[in-house]
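Survey of secondary and tertiary structure
Residue strings, one per chain:
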Amino acid sequence: MPGVPTPSNAKSHRDLTRALQKLLGRDAVLSRPEDLILYEYDGSVEKGRPDLVAFPGTTAEVSEIVRLAAKHDMPILGRGAGTGLSGGALARSGGLMLVFSRMNRILELDFDNQRAVVQPGVVNLDITRAVEHAGFYFAPDPSSQKSSTIGGNVAENAGGPHTLAQGVTTNHVTALELVLPSDGEIVRVGSKQGDSCSYDLTGLFVGSEGTLALVTEITVKLTRKPEAIKTLLAVFETVDDASETVADITARGITPAACEMLDGWTLRVIEDYIHAGFPMDSGAVLLLEVEGMLEAVTSQAAAIDEICRAHKAREVRVARDDKERDLLWKGRKNSFGALGRIASGIYVLDGVIPRSKLPQTLRRIQEIGTQFGFNIGNVFHAGDGNLHPIVLYDLRDNEQFQRALKASAEIIRYCVEVGGSLTGEHGIGMEKSELMPLLFSDADFDFMRRVHDAFNPKCSLNPGKIFPLGKGCGETRLKPHHVQTPKPEPTAAPAPPASVNAT
């Protein structure tokens, strides 16, 4: 949302640029349009270009940057790897973007107490790689874990296929170091052991989508590798049979480590690309995993096999070894990249429903696809009812893009209608902020604003996110901060290349 430059804000922009270059070095500050354009996208279909991009290397530098931005009345926001799927790390109103890729060190590994202390730019999977030799791993595993960073995972409270039994990011973070947006103050919340004797401030900041503070250090739990793992692939003729199986597994009190579902159309696209071993003639598959003590794993796998066959599974296959297991998970975790081969644009949704509503919701999604003229694929965390419908469209066709947005909003509305929620792990960001009134009243928004304003009173940090623009700080803070010449309106859909960042 570019604005017309004025002499005063152009001078302030130049002064801030020089101050940042003096603090960080010239190579750690980007201001040219050809550099900034790389940061106007994330994994969503949203756009928002910053005025400046800075790469801090220490907490002290982040604190000083916050003070400099406040002096020049420049909004700020944090960004990790840019794999987010709701526009949470995009500069909706311009401003200064802090990219944490240079704060990427693992500061401490404490195996005795099963903890690690890391900087926000550490890649999710690198935590597991650093500790697996000692028999540990980091449990939250978003499918973008090869590239997504722990700071972004904290901001969005990321999940993943294996968080059904172990819990999402908030269940594995015990302490945070933060820089507050008002004056750059550095504070710590939580503790290494994670036992809270007062307010759970750590839980408040995890999932706050970068609107309360900038995270500069994270203490996480390490989980011991299980004694035994069994990976099952259950093959069904219909989506209904597969989804009813999930509901029955839950009803019987069985909680697998993972329970993923792929519909037949989607798995055929994936199999053509990955060759993971998915049956090309099936209507749907469930990818399930159980882990723990050997006896318990054997018993639980047998119970799941029985339930699947009771719901007309034509085959329940158990992975023979780690190679076959890894291949099946490779197919699941690279699903969005596979779909990107057949469409120039893919819109990945994120809604939550009660698991008992899976059959009717999947039928409704297909009805919406037919209504709006789209193929909608389904690959999602069935065990916790976290859906990820995927709308395939031509990003060169603006009319088609607008229809994709309408179809997507209709799907999310239906999720709420059947007793679900707007998001399970992608966050609200820019994508779903205007849908928030489906779940929250004016009184709810008033309470949330008071919490927000306790930490970010001037809305200088990540403005225009989470709250509808008329019910949050957006109506007062979202003003043009850009200093470049306004751009002509695009004629094509305002969307990035197809995202390959899986959920």
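Since the model is a prediction, treat every value here as computed from it, not as a measurement.

Another aspect to go through is the packing of helix α8 (residues 239-251) against helix α10 (residues 294-310). Running from N to C, α8 and α10 cross one another at 140°; their axes reach a closest spacing of 9 Å. Here α10 runs oblique to α8, going by the angle between their axes. The interaxial crossing formed by α8 with α10 has right-handed handedness. Two secondary-structure elements touch here, α8 through Thr245, Asp248 and Ile249 and α10 through Ile304, Ile307 and Cys308.

With that settled, the discussion passes to the pattern of salt bridges. In total, this model carries 32 salt bridges according to the counting rule given. As a salt-bridge pair, Arg314 and Glu237 come within 3.1 Å of each other at their nearest N and O atoms. On the criterion of sequence distance, the pair formed by Arg314 in the loop between α10 and β15 (315-318) and Glu237 in the loop between β12 (228-236) and α8 is long-range, its members being 77 residues apart. The exposure class assigned to Arg314 is partly exposed, which follows from its relative accessible area of 34%. In this structure Glu237 comes out as partly exposed when scored by relative accessible area, which is 44%. In this structure, the salt-bridge partner of Lys432 is Glu431, at a minimum N-O distance of 2.7 Å. Like Glu431, Lys432 is buried.

So, about the packing of α8 against helix α13 (residues 358-372). Look at α8 against α13: their axes get within 8 Å of each other, and the N-to-C directions meet at 145°. Within the contact between the two elements, α8 uses Val239, Asp240, Ser243, Glu244 and Val246 and α13 uses Leu358, Pro359, Leu362 and Arg363. Its residues assigned to classes, the contact of α8 with α13 shows five nonpolar, one polar and three charged.

Taken in spatial order, the five strands make up an open sheet running β5-β6-β10-β8-β9, and their pairing is antiparallel. For this open sheet the edge positions go to β5 (106-110) and β9 (186-190), each flanked by a neighbour on one side alone. Direction aside, the axes of adjacent strands within the sheet are offset by 15° on average. Across five bridges, strand β8 (residues 173-179) lies against β9 in antiparallel orientation.

The description of an aromatic ring pair uses the distance of the two centres, along with the angle that the planes make with each other. Inspection of the entire model under this criterion finds five aromatic pairs. Ring geometry for Phe205 against Phe455: centres 5.0 Å apart, planes inclined by 75°, an arrangement best described as edge-to-face. You can see Phe205 sitting in helix α7 (residues 201-205) and its partner Phe455 sitting in helix α15 (residues 442-455), a full 250 residues away along the chain. Each of the two residues, Phe205 as well as Phe455, counts as buried.

Read from one edge to the other, the open sheet built from four strands follows the order β1-β2-β4-β3, with strand pairing classed as mixed. The open sheet is flanked by β1 (29-30) and β3 (76-79), the only strands paired with a single partner. Across two bridges, β1 lies against strand β2 (residues 52-54) in antiparallel orientation. Paired with Leu30 across the strands is Val53, a residue of β2. Across the sheet, helix α3 (residues 59-71) lies against β2, β3 and β4 (96-99), angled at about 175° from β4, the strand it touches most.

Positioned with a positive phi, Asp73 is a non-glycine residue whose angle comes to about 55°. By the secondary structure assignment, Asp73 is in the loop between α3 and β3. Positive phi values are uncommon outside glycine, yet Cys459 reaches one of about 55°. Considering the arrangement of structural elements, one finds Cys459 in the loop between α15 and α16 (474-477).

This part is about empty space enclosed by the protein. Scanning all chains against the criterion turns up two cavities of 30 Å³ or more. As for the largest cavity, its lining consists of 37 residues, of which Gly151, Gly152, Asn153, Ala155 and Glu156 are closest to the centre. Those elements that provide at least two residues to the lining of the largest cavity are β3, α5 (150-156) and β10 (214-221). It is α5 that contributes the most residues to the lining of the largest cavity, six residues altogether. Here the residues of the lining of the largest cavity sort into 14 nonpolar, 18 polar and five charged. As for the second largest cavity, its lining consists of Gly160, Pro161, Thr163, Leu164, Ala258, Cys259, Glu260, His381, Ala382, Gly383 and Asp384. Sorting the residues of the lining of the second largest cavity by element identifies α6 (163-166) and β13 (258-263) as the ones contributing at least two each. The element best represented in the lining of the second largest cavity is β13, accounting for three residues.

This next bit is on the nonpolar core. In this structure, Met261, Leu286, Leu288, Ile304, Cys308, Phe374 and Tyr393 are the most contacted members of the largest nonpolar core, which totals 46 residues. Among the elements that make up this core, the one with the highest residue count is helix α14 (residues 398-417) (six residues). Beyond its immediate chain neighbours, meaning those up to four positions away, Cys308 contacts Ala234, Phe236, Thr245, Leu288, Ala313 and Val316. Counting residues in each nonpolar core, the second largest holds 30 residues, with Leu68, Met74, Leu77 and Val179 among its members.

What counts and how
Residues numbered from 1 in each chain as written. Predicted model: local features only at pLDDT ≥ 70, side-chain atom pairs only at ≥ 80, totals over all residues. Heavy atoms only, no water. Axes fitted to C-alpha atoms, helices over the stretch in contact; angles between N-to-C directions. Helix = DSSP H or I, 4+ residues; strand = E, 2+ residues; numbered from the N terminus. Parallel < 35°, antiparallel > 145°, perpendicular 65-115°, else oblique. Left-handed = near helix turned anticlockwise from the far one by under 90°. Contact = heavy atoms within 4.5 Å. Salt bridge = Lys/Arg side-chain N within 4 Å of Asp/Glu carboxyl O. Buried < 20%, exposed > 50% of the residue type's maximum accessible area, 1.4 Å probe, protein only. Nonpolar A, V, L, I, M, F, W, Y, C, P; charged D, E, K, R; others polar. Pairing = 2+ DSSP bridges. Phe/Tyr/Trp six-rings, centres within 6.5 Å; stacked < 30°, edge-to-face > 60°. 1 Å grid on protein atoms, 1.4 Å probe; cavity = no way out; pocket = protein on both sides within 12 Å on 5 of 7 lines; lining within 4 Å. Points joined across faces, edges and corners; volume = space filled by probe spheres on them. Core = buried A, V, L, I, M, F, W, Y, C linked by side-chain atoms within 4.5 Å.

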